[in-house]
Amino acid sequence: MSKKEAVCCNEKFKTSIGGQALIEGIMMRGPEKDAVVVRGKDGLTVEVQPRKKHRPGSFPTWPLIRGVVNFFDSQVVGVKALMHAADLAPEEYAEDEKPSKLDLWLENKLGNEKFQQFVIGFAVFLGLAMSIGLFFLLPMVVSSFFDGIIQSNVVLMLLEGVIRMAIFLLYMYLISKMSEMRRVFSYHGAEHKTIRCYEAGLPLTVENVRKQTRLHPRCGTSFLLVVMVISILVYSVASSALLALVPALAAMRSSFLYRLIMIVFKLLLLPLIVAITYEINRWAGRHDNAFTRILTFPGMWLQNFTTNEPDDSMIEVGIAALQAVLPEEEGTDRW
């Protein structure tokens, strides 16, 4: 972050409003509304929907539980927004493929609305399955081949964590080099810069937004990186505890059954890892001191790969999306 950017991003408060880059657009989520703004051939298309709110103190708002609930909710809403943005995007981004026989059969059997729900659900499932397979199962399988060489469970978990982190960073780097993703990452930058401007208490103009940094501590990229780190700690402690409670497992350490049990055990811990990460990000996002800046630095650095500087037309999309979800009562979006 340059000195100029650092000067421009002094927040007067921290908002709970967050967003997601889309194809030629941005989705913003406020405390009361969600908005999808896409730049098409006829200008900006702004669509706003009320957001389902959980009653304060209800089960979905409990600490740890809320992290898992919000994670899955964001996945569903994000996929819906991506699909809708693809429909609204300019023609050069639109898909010209005809629906397959399977698509037509499913739509005929389920009806259009249920078919859309099926597609969204399948897309969320497929995305989660691919992420779990690439960032969790693959490192587990690779590190399991060292069971007979490394006797220390903690060292083995650290090795697995290093492999997981290396795969994640390589994936992010390769994605950032894809030409198709450059504009999406520029919209990601526009989203961050717009929120920074709003948090600084400045009028939402293109000029003011342009001055802001494109890095933001409460970004989903940072969340994923913290998940990787927390997984190392949780897996080390939980696996050691399991082996201590069930000594028979240690005796079958090099067997296929042992590896299978440990993989299932670690997969069951994923919701806990997500929940802990959410609470850490929530706490760090509410405080600005030396410790939280150190804590959020790795995620901020990673955003150099997942955000690009936007042009003015992208900034206009970010402003329109943020303005569409501002709460009626000022300050109720405080993080």
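Provided above is the structure to which this section pertains.
Residues numbered from 1 in each chain as written. Predicted model: local features only at pLDDT ≥ 70, side-chain atom pairs only at ≥ 80, totals over all residues. Heavy atoms only, no water.

Asks: Where do I start with the overall build of the chain in this structure?
Replies: If you tally the helices and strands in the chain, you get 13 helices and four strands. With 335 residues in all, the chain has 43% of them scored as buried. In the chain, 73% of the contacts between residues at least 6 apart in sequence involve partners at least 24 apart. Carbon and sulfur atoms make up 65% of the accessible area of the chain, which amounts to about 18,200 Å² in all. (Helix = DSSP H or I, 4+ residues; strand = E, 2+ residues; numbered from the N terminus. Buried < 20%, exposed > 50% of the residue type's maximum accessible area, 1.4 Å probe, protein only. Contact = heavy atoms within 4.5 Å. Areas by Shrake-Rupley, 256 points an atom, 1.4 Å probe, with all protein chains shown as cover.)

Asks: Explanation requested: the pairing of strand E4 (residues 43–50) in the structure shown.
Replies: If a strand is regular, its side chains alternate between the two faces of the sheet. Judged from the eight bridges that link them, strand E3 (residues 33–40) and E4 form a sheet pairing that is antiparallel. For Val38, the partnering residue across the bridge sits in E4 and is Thr45. (Pairing = 2+ DSSP bridges.)

Asks: How should the pattern of salt bridges be read in this particular structure?
Replies: In a structure, side chains of opposite charge can pair up when their charged atoms sit close to one another. Applying the stated rule across the entire model yields 12 salt bridges. Of the charged contacts, one joins Glu279 and Arg66 as a salt bridge, the two residues approaching to 2.7 Å between their closest N and O atoms. Here Glu279 is found in helix H11 (residues 270–286), whereas its partner Arg66 is found in helix H2 (residues 65–88), with 213 residues between them in sequence. Arg66 shares its class with Glu279; the two are buried. For Arg214, the salt bridge identified is with Glu309, shortest N-O distance 3.7 Å. Taken together, the residues Arg214 in the loop between helix H7 (206–210) and helix H8 (220–245) and Glu309 in the loop between helix H12 (290–306) and helix H13 (312–324) connect sequence positions 95 residues apart. What makes Arg214 buried here is its relative accessible area of 16%. By relative accessible area, which is 40% here, Glu309 ends up partly exposed. The structure contains a network of salt bridges with shared partners spanning Arg29, Asp34 and Asp73. (Salt bridge = Lys/Arg side-chain N within 4 Å of Asp/Glu carboxyl O.)

Asks: What am I meant to see in the sheet that holds strand E2 (residues 25–29) here?
Replies: Strand pairing in a sheet relies on backbone hydrogen bonds, with the paired strands running either antiparallel or parallel. With antiparallel pairing, the four strands of this open sheet are ordered in space as E1-E2-E3-E4. The open sheet terminates on both sides in strands that have one partner only, identified here as strand E1 (18–22) and E4. Strand-to-strand, the axes of this sheet are offset by a mean angle of 15 degrees, without reference to chain direction. Bridge count for E2 against E3 is five bridges, and the pairing is antiparallel. Paired with Arg29 across the bridge in E3 is Asp34. (Axes fitted to C-alpha atoms, helices over the stretch in contact; angles between N-to-C directions.)

Asks: Honestly, the environment of Thr213 in this entry has me stumped. Any pointers?
Replies: In this structure, Thr213 sits in the loop between H7 and H8. Residues Thr213 and Ala190 lie 23 residues apart in sequence; the distance between their C-alpha atoms is 9.5 Å.

Asks: Help me out: how do you make sense of the nonpolar core in this one?
Replies: The nonpolar side chains of soluble globular proteins are, as a tendency, buried together. Residues Phe135, Phe136, Phe168, Phe223, Tyr235 and Ile273 are the most contacted members of the largest nonpolar core, which totals 32 residues. Contributing elements (two or more residues each) for this core: H2, helix H4 (112–144), helix H5 (153–176), H8 and H11. Not counting chain neighbours up to four residues away, the residues in contact with Phe223 comprise Phe71, Val274, Thr277, Tyr278 and Asn281. Judged by nonpolar contacts, the second largest core, of 25 residues, contains Phe13, Ile17, Val184 and Met314. (Core = buried A, V, L, I, M, F, W, Y, C linked by side-chain atoms within 4.5 Å.)

Asks: How should the packing of aromatic side chains be read in this particular structure?
Replies: Each pair of aromatic rings is reported with the distance of its centres and the angle of its planes. Here the structure, examined in full by the defined rule, presents nine aromatic pairs. Geometrically, the ring pair formed by Phe71 and Phe223 is stacked, given 6.3 Å between the ring centres and 25 degrees between the ring planes. Remark: Phe223 occurs in helix H8 and Phe71 occurs in helix H2; sequence separation between them is 152 residues. Residues Trp301 and Phe305 carry aromatic rings whose centres are separated by 5.3 Å and whose planes lie at 75 degrees to one another, so their mutual orientation is edge-to-face. Here Trp301 pairs with Phe305, and both are found in helix H12, just four residues apart, close to one helical turn. Taking relative accessible area as the criterion, Phe305 reaches 26% and is therefore assigned partly exposed. Ring pairs connect the aromatic residues Phe71, Phe72 and Phe223, which therefore count as one cluster. Against the face of Tyr235 rests Lys266, its NZ or CZ located 5.8 Å from the ring centre. Of note, Arg282 hangs over the ring of Trp335, and the distance from its end group to the ring centre comes to 5.7 Å. (Phe/Tyr/Trp six-rings, centres within 6.5 Å; stacked < 30°, edge-to-face > 60°. Lys NZ or Arg CZ within 6 Å of the ring centre and 35° of its normal.)

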